[in-house]
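Descriptive structure summary
Read off the chains here:
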Amino acid sequence: MSRGKIKRGSTNIDMTAMCDIAFLLLSFFILTTKFKPAEAIDVTPPSSVSSKAAPQSNAFTISLDKEGKVFLDMSEDMKGDIFDELGKSRNINFSADDKKYFMNSTFVGSSLSQLNQFNRLSPEQLKTTTLTGIPTDSTNNELQAWINAAANATKGRKTNWLIKGDNNAKYPGFKSIIEAFKKNEIFKYQLVTNAEDVPEGSELYRKNMAGEMVPEP
């Protein structure tokens, strides 16, 4: 008597559900991803041998382009308080709409008298607009007012003061920024640079290599 054949199950796997899940996850990540915001201005900082990146949180960044123009960028959680403090210290009656446009702006790049108009420019308009920057001359150093507003608005909290200067910027531009910090009695700030590797054969390279060769206790 012959044995009955055992019916073998199909080896085909239905991947329809798996594909649906994959596309759902892909759609979710695309819709929820936050892209890096535009930087204040196109600045190419000098290079330095450093492995420490500039902090991104609680940051108040002053950018200096190669033409000596000054621009500001600040962390989102600081912007509203700084804007309110600036209006109070300069006796400027900003409206609710003024603050809304400021909160949606990517950077500060004009004098206070033109601030509301500047904040209302679209990204496309900014690309075709000649930016004047923040006044830093001795008769009208508005950068000093911005730093003062930021210091008062973030009092009791840690603030990372950053200077991002273009490699081709002239010294007077940096001097005006340093003077604005001094006027507000702020003496600790960081210079943003492009990190590069330690040159082989240099003293720092030999020290780093010697440190790596030291056995852990």
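Just above sits the structure.
Since the model is a prediction, treat every value here as computed from it, not as a measurement. (Residues numbered from 1 in each chain as written. Predicted model: local features only at pLDDT ≥ 70, side-chain atom pairs only at ≥ 80, totals over all residues. Heavy atoms only, no water.)

1. Quick word on the packing of aromatic side chains
Throughout the structure, instances matching the rule amount to eight aromatic pairs. Centroid distance Phe60 to Trp161: 5.2 Å. Interplanar angle 70°. Geometry classified as edge-to-face. Here Phe60 is found in strand β2 (residues 59-64), whereas its partner Trp161 is found in strand β6 (residues 160-165), with 101 residues between them in sequence. Neither Phe60 nor Trp161 differs from the other in exposure class; each is buried. Ring geometry for Trp161 and Phe181: centres 5.9 Å apart, planes at 80°, overall edge-to-face. Of this pair, Trp161 sits in strand β6 while Phe181 sits in helix α7 (residues 171-183); the two residues are 20 residues apart in sequence, bridging distant segments of the chain. Of the two residues, Trp161 and Phe181, both sit in the buried class. Joined through ring pairs, the aromatic side chains of Phe60, Trp161, Phe181 and Tyr189 make up one cluster. The ring of Phe102 has Lys79 lying over it, and the distance from NZ or CZ to the ring centre is 5.3 Å. (Phe/Tyr/Trp six-rings, centres within 6.5 Å; stacked < 30°, edge-to-face > 60°. Helix = DSSP H or I, 4+ residues; strand = E, 2+ residues; numbered from the N terminus. Buried < 20%, exposed > 50% of the residue type's maximum accessible area, 1.4 Å probe, protein only. Lys NZ or Arg CZ within 6 Å of the ring centre and 35° of its normal.)

2. Let's talk about the pairing of β2
Across the six residues that make up β2, a large majority, six, are buried. Both faces of β2 are covered, namely the face carrying Ala59, Thr61 and Ser63 and the face carrying Phe60, Ile62 and Leu64. As judged from the six bridges shared by β2 and β6, these two strands associate in the parallel manner. Counted as the bridge partner of Leu64 is Gly165 from β6. As paired elements, β2 and strand β3 (residues 70-74) share five bridges and run antiparallel to each other. Among the inter-strand pairings, Leu64 is bridged to a residue of β3, identified as Val70. (Pairing = 2+ DSSP bridges.)

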